[in-house]
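Observations on chain architecture
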Amino acid sequence: MHRASVLRSRLTSLSHLNKKLTTSLPQQLTSNQHLSHRLAHLEIMTRHLHSTTSSSSNNGNTKRGSTKKRYATTALIASATASVSYAGYFFFSSAAIPAVSGESVTEETDAKMKTAVFKEQLSSDPTFGYEYVGFDSYPGIELDDGTGVATAELKAASVKNVASALDAAGFDENMRGEKSESTTLNPNHALRLGLGACPTYGCPFLPSDVHYNDQTKLALEELRKKTITADDNKSSLLKTSGTEKAATLTLIGYKGGRMEDQINQDRAFVLSPFMYRNIMNEDSKVRPVARLLGVFDGHARLGEKVSEYVVKTLPALLGSKLVAKEELSNQEIGKILHQTFVEIDASSPADPSGGCTASIVLQIDSNIYIANAGDSRSFVAVHIIDPISKAETTHIIYGTREDKPHLSFERLRVEAMGGNVYIPPGGKGTTRVLYQDPTTGSTSGLAMSRSLGDWDAGDVGVVPDPTIAILNIKDIKSKVIEKLNKSCQDKAKEVEIDPATGESTPSSDCATYGENDVKVFTFSATDGLLDYIPENSIAEHVAKGLYNNKEAEQNIHLLTACEDLIYAAAQGWQEDKGGRYRDDIAISVADLESDP
């Protein structure tokens, strides 16, 4: 079957997952089969492997030892149950999705601020021609003062700044969770149980495990059956992991050994709203619409400690820097994002080991700021509804790149710092920065050129400096509407001739698109999801959860849409790795136009 045809079949199956496909699948599929049955056989397989092999575990060696396929590959995408599946063939290529290249260098340095003045890079998406501004916050090899390895002075200052920000945000000992490395994933987290106060910047949505958290499985099943709603106070999932307009979920991976010994190193959050002006008791009457979301993929031994630290500290540190400025230009916010990444890297618990990716989306009024370090990714997309036919389409406007060491400018930096880039023979595999693992003394490979933590890899050119893009919601909508209306008008000029009568009629009715016909949303995901589900497919299914008619029989909740995607990716891992390995998976999603 043709690759495109198979992919369309798979996407159609995703849109009907909430109905359990009872009208189109074999009779053995009954309506009471819970979606999580799709993963039950994965757990059985992993336990069987443990009982029959002597697989070793490295506590989530997600990046420095996996052999995931990051190139053209085949993935089997699960449908509603383990017994029925749809094959989807696709190439892992984002060439059509614009991203900050990261290969621009700074033109000058502001000596007074001691930070680089970023050279802006103007790019546009290929579908609608929307132009956005992006830049690389890395100052360039010529100006590099060792950003990959924080000095003792920078570490001390960063620790102090983070502690001050947490104090200002009202963090108590329970919120800091210093006695636990998995507080934000704990089902008994105080915020999930409605205990204690939230930080001053707001209560974050935190991801629940779709399969290994029984309460979450039950709540998701009830959402599908529509026995609970967003207003139902009985659902802790709806209180702490999402709503109809913002959500985050996760699934622990499998890296060998006993299932009960596995560690989820992925972290995520959604803050909608992000009330950063409440930090430091800022009393301004100006309260911009603000959101913040992101994902953080821990890797190497103790990587979960770093990703956990980032989730707890980044909103407070970023918010305190934002509120400290009287005026916030785009350039200033770009600097703040850069400073936040660098200070969190310098203060992170990365000794003796551990690091994580960081991919975040910050919205302030109509502006969208995306900062990325590592191979997790964030996207901005539009969902379009034809005002006449009501046909729906989804398009990605922007997506971050994967910071990989084979990229020309990244490789140049690594090698200039004395490092080596491993390129797999024949290009089949993941390129890596080689460095000496401090815990084993052996040579390890980090499958990215930028990250938070990973201090030993920092010695050889791995830096925390993010690539940053700046977009505007109003401008996106305006450009999309302009292009849609012009395209329709051009098509309406065409005529069809009736061969019998010779009469001409317009080839089609021309719809006039307006503000309400174009929706803007965002999502961030770790590579555990992105390795097996194309970003366009993710965008389309997320849009179904965000914008489907809630009264329609076929509608799905945003949380169950995220659940669908996670299970589909898990099935891809199962088919590709035969149950021997599955990466952790996390996703965060938010509509950018609804009231937070």
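These figures come from a predicted structure and were not determined experimentally.

1. Focus on the sheet that holds strand β18 (residues 443-446)
Read across the open sheet, the 3 strands follow the order β16-β17-β18; overall the sheet is antiparallel. Since the sheet does not close on itself, it has two edges, and those belong to β16 (420-422) and β18, each with one partner. The sheet shows a mean angle of 45° between the axes of neighbouring strands, taken without regard to direction. Alignment of β16 against strand β17 (residues 432-436), held across 3 bridges, turns out to be antiparallel.

2. Re the pattern of salt bridges
Applying the stated rule across the entire model yields 21 salt bridges. The shortest N-O distance in the salt bridge between E563 and R224 comes to 3.1 Å. Residue E563 is found in helix α14 (residues 558-577), and its partner R224 is found in helix α5 (residues 214-225); the two are separated by 339 residues along the sequence. When sorted by exposure, E563 lands in the same class as R224, which is buried. A salt bridge links D564 to R224, with the nearest nitrogen and oxygen atoms 2.4 Å apart. Note that D564 is positioned in helix α14 and R224 in helix α5, a separation of 340 residues in sequence. Shared partners join several salt bridges into a network, and the residues in it are D136, R401, D403, E410, R413 and R450.

3. Brief notes about the nonpolar core
Buried together is how nonpolar side chains tend to be arranged in soluble globular proteins. One finds F274, L292, F296, L314, L322 and L362 to be the most contacted residues of the largest nonpolar core, which totals 44 residues. Counting only elements with at least two residues in this core, the list comes to α3 (152-168), β9 (266-271), β10 (290-299), α7 (303-323), α8 (330-347), β12 (358-364), β13 (367-373) and β20 (467-472). The residues contacting L314, other than those within four sequence positions of it, are F269, L292, F296, G319, T340, F341, I344 and I360. In terms of nonpolar packing, the next biggest core, distinct from the first, is built from 40 residues, V210, A247, A570 and V589 among them.

4. Side note on helix α13 (residues 535-547)
For the α-helix, the turn length of 3.6 residues means that residues three or four positions removed from each other point alike. Counted at 1.5 Å a residue, the expected span for α13 with its 13 residues is 18 Å, and the 18 Å between its end C-alpha atoms agrees. Counting buried positions over the 13 residues of α13 gives 10, a clear majority of the element. Listed in full, the buried residues belonging to α13 are E535, S537, I538, A539, H541, V542, A543, G545, L546 and Y547.

5. Observations regarding the environment of A246
Tracing the backbone shows A246 in strand β8 (residues 246-251). For A246, a relative accessible area of 2% translates into the label buried. For the pair formed by A246 and S588, sequence separation is 342 residues and the distance between their alpha carbons is 7.7 Å. Among residues more than four places away in sequence, those in contact with A246 are F205, S241, V270, S272, L558, V589 and A590.

6. Considering the confidence of the model for the protein
When the pLDDT values of the protein are averaged, the result is 79; 71% of them are 70 or greater. Here residues 1-36 is modelled with pLDDT under 50, and outside its nearest four sequence neighbours on either side it reaches 71 contacts, counting other chains as well. Taken together, the stretch residues 104-117 has pLDDT below 50 and engages in 28 contacts with residues farther than four places along the chain or on a different chain.

7. With respect to α8
The end-to-end C-alpha distance of α8 is 26 Å, a good match for the 26 Å that 18 residues give at a rise of 1.5 Å each. Of all 18 residues in α8, 15 are buried; the element is thus mostly enclosed.

8. Considering the side chain of S449
For S449, the position within the fold is in the loop between β18 and β19 (452-453). For S449, a relative accessible area of 0% translates into the label buried.

9. What about unusual backbone geometry?
Here the bond from S272 into P273 is cis, since omega is 15°, no more than 30 degrees from zero. Of note, P273 is situated in the loop between β9 and β10. Each neighbour pair has its own omega, and for D351 with P352 the value is 15°, a cis peptide bond. Note on placement: P352 falls in the loop between α8 and β11 (355-356).

10. Looking at the sheet that holds β8
With respect to topology, 6 strands assemble into an open sheet ordered β7-β8-β24-β23-β14-β15, the strand pairing being mixed. Whereas interior strands pair on both sides, the edge strands pair on one side only; in this sheet they are β7 (208-209) and β15 (392-399). Here strand β14 (residues 377-385) runs beside strand β23 (residues 518-525); their pairing, made up of 8 bridges, is antiparallel. Paired with H383 across the strands is K519, a residue of β23.

11. Considerations on the packing of aromatic side chains
In this structure the tally under the stated criterion is 10 aromatic pairs. On the basis of an interplanar angle of 65° and a centroid distance of 6.3 Å, the ring pair of Y138 and F409 is categorised as edge-to-face. On the criterion of sequence distance, the pair formed by Y138 in the loop between β6 (131-136) and α3 and F409 in helix α9 (residues 408-416) is long-range, its members being 271 residues apart. On the basis of relative accessible area, Y138 is assigned to the buried category, the value being 0%. Aromatic pair Y201 and F274: ring centres 6.0 Å apart, planes at 70°, arrangement edge-to-face. Of the two residues, Y201 sits in the loop between α4 (173-176) and β7 while F274 sits in the loop between β9 and β10, which places them 73 residues apart along the sequence. Taking the relative accessible area as the measure of exposure, F274 reaches 2% and is therefore buried.

12. Some thoughts on the state of the cysteines
Using the criterion set out here, one finds 1 disulfide in the structure. A sulfur-sulfur separation of 1.4 Å characterises the disulfide bridge that pairs C198 with C203.

13. A word on the pairing of β12
The element β12 is largely enclosed, with a buried count of 7 among its 7 residues. Judged by which residues are buried, β12 turns out to be covered on both faces: A358, I360, L362 and I364 on one side and S359, V361 and Q363 on the other are all buried. For β10 and β12, the ladder comprises 6 bridges, and the chain directions are antiparallel. Bridge pairing in β12 links R291 to Q363. Linking two consecutive strands that pair antiparallel, namely β12 and β13, is a turn of 2 residues; a positive phi of about 55° is found at D365 within it.

Rules behind the numbers
- Residues numbered from 1 in each chain as written.
- Predicted model: local features only at pLDDT ≥ 70, side-chain atom pairs only at ≥ 80, totals over all residues.
- Heavy atoms only, no water.
- Pairing = 2+ DSSP bridges.
- Helix = DSSP H or I, 4+ residues; strand = E, 2+ residues; numbered from the N terminus.
- Axes fitted to C-alpha atoms, helices over the stretch in contact; angles between N-to-C directions.
- Salt bridge = Lys/Arg side-chain N within 4 Å of Asp/Glu carboxyl O.
- Buried < 20%, exposed > 50% of the residue type's maximum accessible area, 1.4 Å probe, protein only.
- Core = buried A, V, L, I, M, F, W, Y, C linked by side-chain atoms within 4.5 Å.
- Contact = heavy atoms within 4.5 Å.
- Expected span 1.5 Å × (residues − 1).
- pLDDT = per-residue confidence, 0-100.
- Phe/Tyr/Trp six-rings, centres within 6.5 Å; stacked < 30°, edge-to-face > 60°.
- Disulfide = S-S within 2.5 Å.

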